[in-house]
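The primary structure of each chain is shown beneath.
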Amino acid sequence: MSEASIETSPETCVEVFSDRLHPLISTEATLIQLDNSSLHAEGPVYIPSEGSVVWSDVKGDRVLRWHDNTTHILREPAHFQNGNSLDLEGRIVACSHGDSVSAA
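What counts and what doesn't
Residues numbered from 1 in each chain as written. Predicted model: local features only at pLDDT ≥ 70, side-chain atom pairs only at ≥ 80, totals over all residues. Heavy atoms only, no water. Helix = DSSP H or I, 4+ residues; strand = E, 2+ residues; numbered from the N terminus. Buried < 20%, exposed > 50% of the residue type's maximum accessible area, 1.4 Å probe, protein only. Lys, Arg positive; Asp, Glu negative; His and termini not counted. Salt bridge = Lys/Arg side-chain N within 4 Å of Asp/Glu carboxyl O. Polar contact = N/O pair within 3.5 Å; in protein donor to acceptor, adjacent residues only side chain to side chain. Contact = heavy atoms within 4.5 Å. Core = buried A, V, L, I, M, F, W, Y, C linked by side-chain atoms within 4.5 Å. Pairing = 2+ DSSP bridges. Axes fitted to C-alpha atoms, helices over the stretch in contact; angles between N-to-C directions.

(A) Main features of the side chain of Asp-61. As for its placement among the helices and strands, Asp-61 is situated in the loop between strand S4 (52–57) and strand S5 (62–67). Here Asp-61 occupies a buried position and makes no salt bridge, while the nearest side chain of opposite charge, Arg-62, is found at 9.0 Å. Among the polar contacts made by the side chain of Asp-61, one reaches the main-chain amide nitrogen of His-79 at a distance of 2.8 Å. In terms of polar contacts, Asp-61 uses its side chain to reach the backbone amide nitrogen of Phe-80, at 2.8 Å. Setting aside residues no more than four positions away along its own chain, Asp-61 makes contact with Arg-75, Glu-76, Pro-77, Ala-78, His-79 and Phe-80.

(B) Fine view of the pattern of salt bridges. Per the counting criterion, the structure on display carries 4 salt bridges. As a salt-bridge pair, Arg-62 and Asp-57 come within 2.9 Å of each other at their nearest N and O atoms. The buried category is assigned to Asp-57, whose relative accessible area is 1%. Across the salt bridge formed by Arg-91 and Glu-89, the nearest N and O atoms sit 3.9 Å from each other. Relative accessible area serves as the criterion here: at 63%, Glu-89 is assigned to the exposed category. Each of the salt bridges in this network shares a partner with another, and the network as a whole consists of Asp-87, Glu-89 and Arg-91.

(C) Examining the nonpolar core more closely. Within the largest apolar cluster, 5 residues are counted, these being Val-45, Ile-47, Val-54, Val-63 and Ala-78. Not counting chain neighbours up to four residues away, the residues in contact with Ala-78 comprise Asp-61, Arg-62, Val-63 and Ser-96.

(D) Spatial organisation of the pairing of strand S7 (residues 81–86). Strand direction decides the pairing type here: S7 and strand S8 (residues 92–96), joined by 5 bridges, are antiparallel. Opposite Gln-81, over in S8, you have Ser-96 as the bridge partner. Counting the residues between successive antiparallel strands, the hairpin from S7 to S8 contains 5 residues, one of them, Gly-90, with a positive phi of roughly 85 degrees.

(E) Looking closely at the sheet that holds strand S3 (residues 41–47). Strand order in the open sheet made by the 4 strands is S3-S4-S5-S6, with antiparallel pairing throughout. The open sheet terminates on both sides in strands that have one partner only, identified here as S3 and strand S6 (70–75). Here the strands of the sheet are splayed against their neighbours by 25 degrees on average, with no regard to which way each runs.

(F) Spotlight on the environment of Asp-57. For Asp-57, the position within the fold is in strand S4. Not counting the four nearest positions on each side in its chain, Asp-57 is found in contact with Ser-37, Ser-38, Leu-39, His-40, Arg-62 and Leu-64. Only 2.9 Å separates the side chain of Asp-57 from the side chain of Arg-62, close enough to count as a polar contact.

In structure tokens, the structure reads:
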């Protein structure tokens, strides 16, 4: 394994610790900050059918969605949802430690 960095701007860079990652991330890639209001962001999931990203703000007890360069609250309260994934039909499956459940 070798170490390399992809510089994206003076403030950001992607550190690559395995050459296996190089085919997955372009050296031309840039990092984009989708939101800065989350207290504890966790569990991001990309939703290809919408071209959106959904993630949990666990401490903020909400779920946010980024779409068309805009972030908005998708669910609040979110019962401390802390994990997101997609099932085979493209629906969000989430874990919640507030209700101790997994739900689709």
